Amino acid sequence: MSERGNKKTMIGLVASDKMNKTVVVEVTRRTIHPMYHKYIKRRKRYHAHDEANDCHVGDRVLIEECRPMSARKHWRVKQILERAV
C-alpha cells in the first residue's frame, strides 16, 4: 500500500509577498533543549506557491507539500486560515 494521499502540512505566517505567485511562510515550532530541558522556539521559512496572489504579509496560512515548482519552491498554499488586520 502506498501513502500518496498523505502530504505534509504546516501552519505559518506569511513573512513576504513581494514575489509573483510566491509567498514566504515562516513556521515556528517549539522544541525542548537537549541539555537544559527548556522550551525554545525554532523557526523556518518556506517558499510556497500562491496561484492567485491572495496572501498578504501577516496572514496565517496552511501550506502543503507538492512537487518541486522551482529550485526552492516545494510547498503550495492550501488555505488562508486568518487574514491580517
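Everything numeric in this text was worked out from a predicted model, so none of it was measured.

## Examining the overall build of the protein chain
Next up, step 1: For the protein chain, the count of helices and strands is 0 helices and 5 strands.
Next up, step 2: Listing each helix as α and each strand as β along the protein chain from the N terminus yields β-β-β-β-β.
Next up, step 3: Overall size of the protein chain, expressed as C-alpha extent along the three principal axes, is 45 × 45 × 25 Å.
Next up, step 4: Per-residue burial for the protein chain yields a buried fraction of 27% across its 85 residues.

## Thoughts on the pairing of strand S1 (residues 9-19)
Next up, step 1: When S1 meets strand S4 (residues 60-65), the two strands line up antiparallel, connected through 5 bridges. Bridge assignment links Leu 13 to a residue of S4, and that residue is Arg 60.
Next up, step 2: Relative to strand S2 (residues 22-32), S1 is paired through 4 bridges, and the arrangement is antiparallel. Across the sheet, the residue bridging to Ser 16 is Val 24, located in S2.
Next up, step 3: Connecting the antiparallel pair S1 and S2 is a turn made up of 2 residues, with Lys 21 showing a positive phi of about 60°.

## Some details on unusual backbone geometry
Next up, step 1: Backbone geometry places His 37, a non-glycine residue, at a positive phi of 55°.
Next up, step 2: Following the sequence through the fold, His 37 ends up in the loop between S2 and strand S3 (39-49).
Next up, step 3: If you check the backbone angles, Asn 53 has positive phi at about 55° while not being a glycine.
Next up, step 4: Positionally, Asn 53 belongs in the loop between S3 and S4.

Here is what the cut-offs are and how they apply
Residues numbered from 1 in each chain as written. Predicted model: local features only at pLDDT ≥ 70, side-chain atom pairs only at ≥ 80, totals over all residues. Heavy atoms only, no water. Helix = DSSP H or I, 4+ residues; strand = E, 2+ residues; numbered from the N terminus. Buried < 20%, exposed > 50% of the residue type's maximum accessible area, 1.4 Å probe, protein only. Pairing = 2+ DSSP bridges.

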